[in-house]
Amino acid sequence: MAALVHHSAGHNPALWHRHDVQPMRNLTKRVRHPEAGLLSFDSTHMWFGRRSETRLTTFVPADDETERKLRLHNA
């Protein structure tokens, strides 16, 4: 990884020094469900290859309240 960063920094070192180049971060998404109310999910992205534009996004409950609401709704 360090070799890749070093190689890439040589192409445009200003971007690396300003920290404009950053990995995609996982996010918390909030959804208002008509029956369950506010639900919070952590999302994770997984790509299917180095140069693939295809990705799989997973959503898991971000807190105990969301998990409880999902269990009640699916019971």
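Located above this text is the structure these notes cover.
Residues numbered from 1 in each chain as written. Predicted model: local features only at pLDDT ≥ 70, side-chain atom pairs only at ≥ 80, totals over all residues. Heavy atoms only, no water.

(A) Main features of the pairing of strand 2 (residues 37-47). Here strand 1 (residues 27-33) pairs with strand 2 via seven bridges, running antiparallel. Each bridged residue has a counterpart across the sheet, and for Lys29 the counterpart in strand 2 is Phe41. As consecutive antiparallel partners, strand 1 and strand 2 are separated by three residues. (Pairing = 2+ DSSP bridges. Helix = DSSP H or I, 4+ residues; strand = E, 2+ residues; numbered from the N terminus.)

(B) Local environment of the sheet that holds strand 2. The antiparallel open sheet is built from three strands, whose spatial order is 1-2-3. Lying at the two open borders of the sheet, with one neighbouring strand each, are strand 1 and strand 3 (55-61). For this sheet the average axis-to-axis angle between neighbouring strands, irrespective of direction, equals 35 degrees. Two strands pair when backbone bridges link them, and strand 2 and strand 3 are joined in this way by seven bridges, in the antiparallel orientation. Residue pairing in the sheet places Met46 in a bridge with Leu56 of strand 3. Contacts from helix 3 (residues 64-74) reach strand 1, strand 2 and strand 3, with the element oriented near 100 degrees to strand 2. (Axes fitted to C-alpha atoms, helices over the stretch in contact; angles between N-to-C directions. Contact = heavy atoms within 4.5 Å.)

(C) Main features of the pattern of salt bridges. If you walk through the whole model with that rule in mind, you get two salt bridges. For Glu67, the salt bridge goes to Arg71, with nearest N and O atoms at 2.8 Å. Here the residue Glu67 and the residue Arg71 both occupy positions in helix 3, the gap between them amounting to four residues, near one helical turn. A relative accessible area of 58% places Arg71 in the exposed class. (Salt bridge = Lys/Arg side-chain N within 4 Å of Asp/Glu carboxyl O. Buried < 20%, exposed > 50% of the residue type's maximum accessible area, 1.4 Å probe, protein only.)

Everything listed here is a matter of geometry and, on its own, says nothing about what the molecule does.
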